[in-house]
Amino acid sequence: MGLMDNTPLGITGSTGRLGGRVARKLADAGRSQRLLVRDPSRAPQLAGATAVQSSYADRKAVTAALDGLRTVLMVSASESPDRMSQHRAFIDAAAAAGVQQVVYISFYGAAPDCTFTLGRDHFATEEYLRASGMGFTFLRDNLYADFFPAMVGEDGVIRGPAAQGRVAAVAQDDIADAAVAVLLDPEAHAGATYSLTGPEALTLDEVAAVLTGAKGRPVAYQPETVPEAYASRAVYAAPDWQVDAWVSTYTAIAAGELAGVTGDIETLTGRPAMSLADLLRGAGSAY
Ligand SMILES: NC(=O)c1ccc[n+]([C@@H]2O[C@H](COP(=O)([O-])OP(=O)(O)OC[C@H]3O[C@@H](n4cnc5c(N)ncnc54)[C@H](OP(=O)(O)O)[C@@H]3O)[C@@H](O)[C@H]2O)c1
């Protein structure tokens, strides 16, 4: 349908960081959108955008919200024990509504046995979408580079069992630009999987050095053993699945599973991916 298509795009997650960026950029591009939000009072006010209430688990509301739409951006739901069933409900509802293509925000290296525990849910979601009969595009994001400052403890130390592994973290703004490129011409990307990374794969020592330069206060990386990582996070009294997710972010880095740099950001956006130093110097991180 290309440039003449006036059917709104269905956009989830617009009250959040990544989906919010996508929605703003689509509005700037003059594209009409229907924003699927849990709380319409928090929806961004954007030209050409209307907000409708629905949460992923509410099949009826999602089916109604997606009625008549062809293409939908599905931001992965917030971490929760029943995230997969929420994703399945959303996908079932999209298929029932007649959606033709779902652009899904997945995770780098998603696989049934990947070290990062939540990457397994992303793989299961991809498989469910493949089986849905709808078209799909998977944007497999590496760790958000925006998130690094939040990994630094109050004492200026990043602690985790990442050993000297490397991570090709990617800026959310680049992911948003890539998503917009796909959403503006979805048919060109039907069936494609893109692995979105930054331009370099850094050890956490190198990340700490970049953060030190940007923040003007020393940041250091202190590798932990896996038992030390569980012990240092016990203070949060979080459920096991959540602590497993936190710790396996680091063990995935140690295993080399987040290390491979791709050119997919540049392929989709026409510009090289932002480095961590550029991100911290420029608009700043989303977190
Ligand atoms: N690659 C990485 O390093 C990384 C790191 C963190 C998270 N993630 C994943 O990436 C996603 C986007 O990141 P972000 O920074 O934009 O997160 P965020 O700021 O927390 O935004 C998440 C968005 O998704 C919406 N949402 C979550 N669960 C939903 C549900 N069950 N039904 C309907 N809407 C739902 C939220 O709506 P509300 O405003 O109503 O809550 C919000 O708009 C996250 O949700 C998470 O799955 C990836």
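Structure: see above.
This text gives an overview of the structure that appears in the document. (Residues numbered from 1 in each chain as written. Predicted model: local features only at pLDDT ≥ 70, side-chain atom pairs only at ≥ 80, totals over all residues. Heavy atoms only, no water.)

**Remarks on the pattern of salt bridges**
The tally for this structure, following the rule as stated, stands at 13 salt bridges. Residues K25 and D173 are paired through a salt bridge, measuring 3.1 Å at the closest nitrogen-oxygen approach. One end of the pair, K25, is in helix α1 (residues 17-28); the other, D173, is in helix α5 (residues 172-184), with 148 residues separating them in the sequence. For E126, the salt bridge is made with R140, and the minimal N-O distance between the two is 2.7 Å. In this pair, E126 sits in helix α4 (residues 117-130) while R140 sits in strand β6 (residues 135-141), placing the two residues 14 residues apart along the sequence. Exposure remark for E126: the relative accessible area of 1% places this residue in the buried category. (Salt bridge = Lys/Arg side-chain N within 4 Å of Asp/Glu carboxyl O. Helix = DSSP H or I, 4+ residues; strand = E, 2+ residues; numbered from the N terminus. Buried < 20%, exposed > 50% of the residue type's maximum accessible area, 1.4 Å probe, protein only.)

**With respect to the side chain of T203**
Position of T203 relative to the elements: it lies in strand β10 (residues 202-203). Other than its neighbours up to four places away in sequence, T203 contacts Q164, G165 and R166. (Contact = heavy atoms within 4.5 Å.)

**Structural notes on the site of the ligand**
Of all residues adjacent to the ligand, which total 22 residues, the nearest are T15, L18, S76, Q86 and Y144. Between R17 and the ligand, the recorded distance is 2.9 Å, taken from a backbone N or O atom to an oxygen atom. With respect to the ligand, the backbone of N142 contributes an N or O atom lying 3.2 Å from a nitrogen atom. When isolated, the ligand has an accessible area of 900 Å², and the protein chains bury 85% of it. (Near = heavy atom within 4 Å. Polar contact = N/O pair within 3.5 Å; in protein donor to acceptor, adjacent residues only side chain to side chain. Areas by Shrake-Rupley, 256 points an atom, 1.4 Å probe, with all protein chains shown as cover.)

**Observations regarding the nonpolar core**
The biggest cluster of nonpolar side chains holds 52 residues, and the ones touching the most others in it are L66 and L139. With seven residues, α5 is the largest single contributor of residues to this core. Sequence-distant contacts of L139, defined by excluding residues within four places in its chain, comprise V103, Y104, I105, S106, A179, V182, Y194, L196 and L268. Counting residues in each nonpolar core, the second largest holds 29 residues, with L118, M151, A171 and A245 among its members. (Core = buried A, V, L, I, M, F, W, Y, C linked by side-chain atoms within 4.5 Å.)

**Thoughts on the packing of aromatic side chains**
If you walk through the whole model with that rule in mind, you get four aromatic pairs. Ring geometry for F107 versus F116: centroids 4.7 Å apart, planes at 45 degrees, classification tilted. Aromatic side chains Y236 and W246 sit 5.7 Å apart centroid to centroid with 80 degrees between the ring planes, which places their arrangement in the edge-to-face category. With Y236 in the loop between α7 (226-233) and α8 (240-254) and W246 in helix α8, this pair connects stretches of sequence that are 10 residues apart. You can call Y236 exposed: its relative accessible area is 56%. (Phe/Tyr/Trp six-rings, centres within 6.5 Å; stacked < 30°, edge-to-face > 60°.)

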